[in-house]
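Structural overview for review
Residue strings, one per chain:
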Amino acid sequence: MQNMDNKLAVIDCGTNTFNLIIACKSGSSFNVLFEEKRAVKLGEGGIAAGFISNEAIARAIAVLVYSKERANEYACTAIHAIGTAALRSAKNSSEVISQIEIATGIHIDLIDGAIEAEWIHKGVLLDQFYRDRHIMIMDIGGGSTEFIISQSNTIEWKQSFALGAALLLDKFKPESKINNEQILELNQYLESLLIPLFENLNKYKPNILVGSAGSFETFASMIEYSKGVTDSSDSAMRYRFDTGELNRLHEQLVNSTLEQRLAMQGLWAPRADMIVLASVLFNYVRNNYFFNEYYMTHYSLREGILSMLFQLK
């Protein structure tokens, strides 16, 4: 994937949200002109069975039509749409992509989990702060979660797991308020799937966890609102977590009903149903390996794609 054009639109077609970013190249970097996330819930009602519903297709088409309008307003020379977990695992994926292209004129390119992890790494390391550090990147998506262990700008290990928050929500179907039995069942499931993660954590021993965008932005935003910082950290490029605050937030989330979460400041409403699953997953990782520091980065897959399109080093 190579492109020397000066103004581009990238759409990360995720399982829960579609993320649009419009940018222009500027020297050895790029300037973001516009970005927006919109809930599509591509995996709602069928992701565990590997099927994308007609209702989800209609939502995807509506958001892509909107995204194309924004790209045209900025006179983008190209639109690059990337499909991840929900689309690559759906039995009707090819039909969905064809239907979307006919309706919008936008073709969605599918990438596998290994490529997704590699491109997330490229995006996160656009922040020079992480380049000389020994880190593990964690990206909780709707359909998958990527883990990347990196030292001095080099990937030591990476893997994508079918552990996205929407997938877990569809698989375990917790009540409005998750109960202890469901948390135990979920933790046992994570234990069975994440053996390679902890083998490689113990092998390479990174000391910093970097949570990429999505759920981690929500965690940071909720913590800041709880401290009375009303401008929210959702727009921050980098945020350092306090472990005590993470623990308190996790307890708040697992002890809340959906109705209570919908009223919580800093929590984007479309994430209210699955943020508990994301928190249980994050908490499981934290409880089973010690990191010295925890960060949130705004950079993710979409910035990694732009980095490649603009041929940045």
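Anyway, here's the lowdown on the structure attached to this text. Note that the structure is a prediction, hence the values are computed from the model and not measured. (Residues numbered from 1 in each chain as written. Predicted model: local features only at pLDDT ≥ 70, side-chain atom pairs only at ≥ 80, totals over all residues. Heavy atoms only, no water.)

Concerning the pattern of salt bridges
On inspection of all chains with the given rule, the structure shows 13 salt bridges. Across the pair lysine 41 and aspartate 273 runs a salt bridge whose closest N-O atoms are separated by 3.0 Å. Placement of the pair is lysine 41 in the loop between strand E3 (29-39) and helix H1 (54-73) and aspartate 273 in the loop between helix H10 (258-262) and helix H11 (275-288), with a sequence separation of 232 residues. With relative accessibility at 16%, the residue lysine 41 sits in the buried group. The residue arginine 240 makes a salt bridge to glutamate 293 at a minimum N-O spacing of 3.5 Å. Residue arginine 240 is found in strand E10 (residues 238-241), and its partner glutamate 293 is found in strand E11 (residues 293-297); the two are separated by 53 residues along the sequence. (Salt bridge = Lys/Arg side-chain N within 4 Å of Asp/Glu carboxyl O. Helix = DSSP H or I, 4+ residues; strand = E, 2+ residues; numbered from the N terminus. Buried < 20%, exposed > 50% of the residue type's maximum accessible area, 1.4 Å probe, protein only.)

Observations regarding the sheet that holds E11
The strand order E8-E7-E6-E9-E11-E10 describes an open sheet built from 6 strands, whose pairing is mixed. Pairing within the sheet leaves two strands with one partner each, and these edge strands are strand E8 (154-161) and E10. In this sheet, neighbouring strand axes are inclined to one another by 20° on average, regardless of whether the strands run parallel or antiparallel. With 7 bridges connecting them, strand E6 (residues 134-140) and strand E7 (residues 145-151) associate as antiparallel partners. Within E7, the position partnered with aspartate 139 by the bridge is glutamate 146. Contacts from H11 reach E6, E7, strand E9 (208-212) and E11 within the one sheet, and its direction differs from that of E6 by about 160°. (Pairing = 2+ DSSP bridges. Axes fitted to C-alpha atoms, helices over the stretch in contact; angles between N-to-C directions. Contact = heavy atoms within 4.5 Å.)

Observations concerning the nonpolar core
By size, the foremost hydrophobic cluster in this structure holds 51 residues, and its most contacted members are Met136, Met138, Leu194, Leu197 and Phe241. No other element matches H11, which puts 9 residues into this core. Filtering out sequence-adjacent residues up to four positions away, methionine 136 remains in contact with Phe147, Ile148, Ile149, Leu197, Leu201, Pro206, Ile208, Leu209, Val210, Val285 and Phe291. (Core = buried A, V, L, I, M, F, W, Y, C linked by side-chain atoms within 4.5 Å.)

Some points on helix H5 (residues 165-172)
With 7 of 8 residues buried, H5 is to be regarded as a mostly interior element. Of the surrounding secondary structure, the elements contacted by the buried residues of H5 are E6, helix H6 (180-193) and H11. Remark: lysine 173 follows H5 within two positions and exhibits a positive phi of approximately 45°.

Structural notes on the layout of surface pockets
Rolled over the atoms, a probe with the dimensions of a water molecule shows which regions are left empty. Of the pockets and cavities examined, the largest pocket occupies roughly 510 Å³. Lining the largest pocket are 34 residues, and of these Thr17, Asn19, Gly214, Arg271 and Arg302 lie nearest its centre. Among the elements of the structure, strand E2 (17-26), E3, helix H4 (113-124), E6, helix H8 (214-226) and helix H12 (301-309) are those that each provide at least two residues to the lining of the largest pocket. Tallied by class, the residues present in the lining of the largest pocket amount to 8 nonpolar, 15 polar and 11 charged. (1 Å grid on protein atoms, 1.4 Å probe; cavity = no way out; pocket = protein on both sides within 12 Å on 5 of 7 lines; lining within 4 Å. Points joined across faces, edges and corners; volume = space filled by probe spheres on them. Nonpolar A, V, L, I, M, F, W, Y, C, P; charged D, E, K, R; others polar.)

Things to note about the sheet that holds strand E4 (residues 78-83)
Taken in spatial order, the 5 strands of this open sheet run E3-E2-E1-E4-E5, and their pairing is mixed. Strand pairing shows two members of the sheet lacking a second neighbour, E3 and strand E5 (108-110), which therefore form its edges. Taken over all neighbouring pairs, the strand axes of this sheet differ in orientation by 25° on average, direction set aside. Both E4 and E5 contribute to a ladder of 3 bridges, which runs parallel.

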